[in-house]
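# An overview of the molecular structure
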Amino acid sequence: KNYGRNYIRKQFLNLDMNRDLLKRLNVSHRVTEIDEQFSTEVPNLQELSLSGHALTEIKNLPPKLISLNAHCNRLTEWPHLPNFEFRHLGLSGNMIDSLEGLSFSTGKRLCHLTSLDLSSNHLKLMGQLTPLEPIPFLSVLKLAGNPLTLLPNYRPRVISRFPALASFDGSAVVDMERQ
């Protein structure tokens, strides 16, 4: 289904589509794409949950969005982000097998991103995490359920790449692990 203003209105009995008021939206109906109008229809939206749909790509997001949960979709690549102000990205349970869509310069500019959930995807190699390394304040990272978790010394290798981590795969990172 197409995901635009008219579609949203049909799903709710009472929904104030006042662009200045709508800040958080949890879409519980099946969505397969985000149309080009969506970002202009809800320009002040900051939090969006599109979990459990059939999305194959994420684009056309509102310009002020800072938190996105898109768990359990059919994503295969890094989403097209509308800004560098993101604080949280939840992308678990997809089919992401590459982070090539995230360049070194983009990663460096994601200076507000502190929480990233990429668990249960298809990341296989430690080198695939390289685009995430420039993210300066990444303190919560989840990679559990990816094939790379079976690599030797997985936990210490990942922790050494991300000095700001406070929590990794749901467990606190202790000082001993940083040595």
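Conventions we followed
Residues numbered from 1 in each chain as written. Predicted model: local features only at pLDDT ≥ 70, side-chain atom pairs only at ≥ 80, totals over all residues. Heavy atoms only, no water. Salt bridge = Lys/Arg side-chain N within 4 Å of Asp/Glu carboxyl O. Buried < 20%, exposed > 50% of the residue type's maximum accessible area, 1.4 Å probe, protein only. Phe/Tyr/Trp six-rings, centres within 6.5 Å; stacked < 30°, edge-to-face > 60°. Helix = DSSP H or I, 4+ residues; strand = E, 2+ residues; numbered from the N terminus. Contact = heavy atoms within 4.5 Å. Core = buried A, V, L, I, M, F, W, Y, C linked by side-chain atoms within 4.5 Å. pLDDT = per-residue confidence, 0-100. Arc of directions from axis to C-beta.

Two side chains of opposite charge can pair, provided their charged atoms sit close to one another. On inspection of all chains with the given rule, the structure shows four salt bridges. In this structure, R87 and E85 form a salt bridge, with 4.0 Å as the shortest nitrogen-oxygen distance. R87 sits in the partly exposed class, given a relative accessible area of 34%. Residue class for E85 comes out partly exposed when judged on its relative accessible area of 38%.

A few words now on the packing of aromatic side chains. What describes a pair of aromatic rings is the distance from one ring centre to the other and the angle between the planes of the rings. Applying the stated rule across the entire model yields one aromatic pair. Aromatic side chains Y154 and F168 sit 5.4 Å apart centroid to centroid with 45 degrees between the ring planes, which places their arrangement in the tilted category. Pair noted here: Y154 is in helix α4 (residues 154-161) and F168 is in strand β9 (residues 167-168), with a separation of 14 residues, a long-range link. Neither residue differs from the other here; Y154 and F168 are each classed as buried.

Examined against the element boundaries, L125 turns out to sit in the loop between β7 (115-117) and β8 (140-142). Its relative accessible area of 53% is what places L125 among the exposed residues. With near-sequence residues (within four places) excluded, L125 lies in contact with L148 and L151.

This paragraph deals with the nonpolar core. Residues L132 and L143 are the most contacted members of the largest nonpolar core, which totals 41 residues. Broken down by element, this core gets its largest block of residues, three residues, from α4. Setting aside residues no more than four positions away along its own chain, L143 makes contact with L118, S119, L123, L129, L148, T149, Y154, V158, F168 and D169.

A positive phi angle, near 55 degrees, is found at C72, a position not held by glycine. Tracing the backbone shows C72 in the loop between β5 (67-69) and β6 (88-90). Of the residues examined, C72 reaches a relative accessible area of 47% and is grouped as partly exposed. Even without being glycine, S120 reaches a positive phi, approximately 55 degrees. Of note, S120 is situated in the loop between β7 and β8.

Overall, the prediction assigns the chain a mean pLDDT of 86, with 84% of residues at 70 or greater. The low-confidence segment residues 11-17, where pLDDT is below 50, has nine contacts with residues more than four positions distant or belonging to other chains.

Restricting attention to buried positions, one finds in α4 the residues Y154, V158 and I159. Within α4, the buried residues cover an arc of 120 degrees as seen down the axis, which keeps them to one side. Where α4 is buried, its residues contact β8 and β9.

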